[in-house]
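Here is what each chain is made of, one letter per residue.
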Amino acid sequence: MVPSHDAPSLGRFGCSMAARLQDAFHFPARGASVAAARKRVLAQLREWGIDEVACDDAQLVVSELFTNAVRHTDSANVSCQLRVLGAHLRIEVADQGRTPTEPRARCSGADEESGRGLLLVGALSQAWGVRPDDSGRGRVVWADLAAGRLTP
């Protein structure tokens with residue numbers, strides 16, 4: 001899917017706002033924070049009753065987006081916000097330091113060890129995109145995923 005700057009917010013899916021679940025956190029922009037973010041996301045989604053497939057997809061998306069923010073920006077911290085509304089999960093990862101280029105999915109050579117993260121994000125998400133953060137210096141990379149809920 002082609003990333004868009006103008007994706008609908010989750011509040012426009014027609015579901016009750018009372019059903020929205022959300023969480024936000026930040027970690028230092030270090031490699032070790034990627035695993036901490038995955039762990040936090042898994043714990044939160046399990047607490048909300050999200051099915052294991054969606055949990056696995058969300059962990060991979062957060063891992064890729066956190067890794068990109070750590071590797072490709074001059075951020076001191078990387079933030080993440082999770083929101084569930086109905087059957088949709090929005091993941092937003094924000095950095096503090098703008099780089100000269102916008103994140104884009106690219107095809108990597110067979111011998112390259114990296115460069116496929118946004119292709120994975122695109123494959124796992126219903127939509128994804130990039131927008132400036134509220135400060136105008138950093139950016140937010142977001143992805144919308146299906147959020148299957150476990151039956152009680």
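Residues numbered from 1 in each chain as written. Predicted model: local features only at pLDDT ≥ 70, side-chain atom pairs only at ≥ 80, totals over all residues. Heavy atoms only, no water.

In the nomenclature of an unreviewed UniProt entry, the protein chain corresponds to ATP-binding protein from the organism Streptomyces roseoverticillatus.

A few points about the pairing of strand β5 (residues 139–146)
What counts, and what does not: Residue exposure (1.4 Å probe, protein chains only): buried if accessible area is under 20% of the type maximum, exposed if over 50%, otherwise partly exposed. A helix here means a DSSP run of H or I that spans at least four residues, while a strand means a run of E at least two residues long, and both kinds are numbered starting from the N terminus. Strands were regarded as paired on the criterion that DSSP finds at least two bridges between them.
Taking burial as the measure, the 8 residues of β5 include 7 buried ones, the bulk of the element. Alignment of strand β3 (residues 88–94) against β5, held across 7 bridges, turns out to be antiparallel. Paired with Ala-94 across the two strands is Val-140, which belongs to β5. Of the pairings in the sheet, the one linking strand β4 (residues 127–132) to β5 comprises 6 bridges and is antiparallel in character.

Here's the deal with the sheet that holds β3
Let me state the cut-off plainly: Think of each axis as a best-fit line through the C-alpha atoms, taken over the contacting stretch in the case of a helix, with angles from 0 to 180 degrees between the N-to-C directions. By definition, residues are in contact when any of their heavy atoms lie within 4.5 Å.
Spatial strand order, β1-β2-β3-β5-β4: 5 strands in an open sheet with antiparallel pairing. Of all strands in the sheet, those with a lone pairing partner are β1 (21–28) and β4, marking the two edges. Ignoring strand direction, the axes of neighbouring strands in this sheet form an average angle of 15 degrees. Contacts from helix α1 (residues 32–47) reach β1, β2 (77–85) and β3, with the element oriented near 165 degrees to β1.

Regarding the environment of Arg-20
Within the secondary structure, Arg-20 sits in the segment before β1. In this structure, the C-alpha to C-alpha distance between Arg-20 and Arg-83, residues 63 residues apart in sequence, is 6.8 Å. Apart from residues lying up to four places away in sequence, Arg-20 is in contact with Arg-83, Val-84 and Leu-85.

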